[in-house]
Amino acid sequence: MRFPRTAAVVALIAGELATSSPAHTAVEQQIHLTARKFEYSPNQITLKEGTPVVLEIRSLDRKHGFSIPELGVRADVPAGKSVVVRFTPAKAGTFHFHCDVFCGSGHEGMEGTIVVEG
Ligand SMILES: [Cu+2]
């Protein structure tokens with residue numbers, strides 16, 4: 001059994017350190033996901049409300065989709081390639097994400113959870 005891993009890396013942009021304007025602190029949450037039949041890894045992600053997210057999703061096999069309906073986020077993930085999705089979670093809560101490109105017999109279970117902390 002695989003444990004869901006939480007991979008939320010908060011990265012300060014080095015260039016912003018020099019300007020040191022508190023109102024201008026550019027913090028991004030950089031998240032890396034892999035997609036393959038029929039799972040995302042990690043399948044649990046924790047994000048901060050209001051902080052921009054740079055989400056890189058890499059397909060290890062065929063074409064998949066990535067959709068967070070409640071946050072209005074979706075992307076195609078081309079076969080064997082990466083896609084970068086940028087969004088800023090505007091509300092706290094627990095949201096479902098899933099593959100929305102049919103990829104085979106386990107497609108319906110290819111999903112995960114995003115927790116946005118306020
Ligand atoms: Cu699928």
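Residues numbered from 1 in each chain as written. Predicted model: local features only at pLDDT ≥ 70, side-chain atom pairs only at ≥ 80, totals over all residues.

**Q** Break down the overall build of the protein chain for me, citing the residues and quoting the values.
**A** Along its length, the protein chain carries 1 helix and 10 strands. Going from N to C terminus, the protein chain has its helices and strands arranged as β-α-β-β-β-β-β-β-β-β-β. Taking all 118 residues of the protein chain together, the buried fraction comes to 21%. Restricting the contact set of the protein chain to residue pairs at least 6 apart, pairs at least 24 apart contribute 60%. (Helix = DSSP H or I, 4+ residues; strand = E, 2+ residues; numbered from the N terminus. Buried ≥ 20, exposed ≤ 12 C-beta atoms within 10 Å, placed from the backbone. Contact = placed C-beta atoms within 7 Å.)

**Q** Describe the pairing of strand β7 (residues 73-77), with residues and values.
**A** Two elements, strand β6 (residues 64-68) and β7, share 5 bridges in a ladder whose sense is antiparallel. Considered in β7, the bridge of H64 is made with V77. Taken together, β6 and the strand that follows it, β7, pair antiparallel across an intervening segment of 4 residues, in which G72 is found at a positive phi of about 65 degrees. (Pairing = 2+ DSSP bridges.)

**Q** Give me the lowdown on the pairing of strand β2 (residues 27-36), citing residues and values where you can.
**A** Sheet topology note: the β2/strand β5 (residues 53-59) ladder contains 7 bridges and is parallel. Along β5, the bridge assignment pairs T34 with R58. Pairing of β2 with strand β3 (residues 39-41), which is carried by 3 bridges, proceeds in the antiparallel orientation. If you follow A35 over to β3, its bridge partner there is Y40. Once β2 ends, the chain turns through 2 residues before running back antiparallel as β3.

**Q** Explain unusual backbone geometry to me, using residue names and the numbers behind them.
**A** A cis amide bond, omega 0 degrees, links K37 with the succeeding residue F38. Position of F38 relative to the elements: it lies in the loop between β2 and β3.

**Q** Explain the environment of D76 to me, using residue names and the numbers behind them.
**A** Among the structural elements, D76 can be located in strand β7. Each C-alpha atom of the pair D76 and C99 lies 9.1 Å from the other, and the pair is 23 residues apart in sequence. Those residues in contact with D76, other than ones at most four positions away along the chain, are K63, G65, V83 and V101.

**Q** Before we move on, could you go through the environment of R58 and cite the residues and values that matter?
**A** By the element assignment, R58 lies in strand β5. Judged by C-beta crowding, with 15 C-beta atoms within 10 Å, R58 ranks as partly exposed. Linking R58 and K81, residues 23 residues apart in sequence, is a C-alpha distance of 5.6 Å. In contact with R58, other than residues within four places in its own chain, are T34 and S82.

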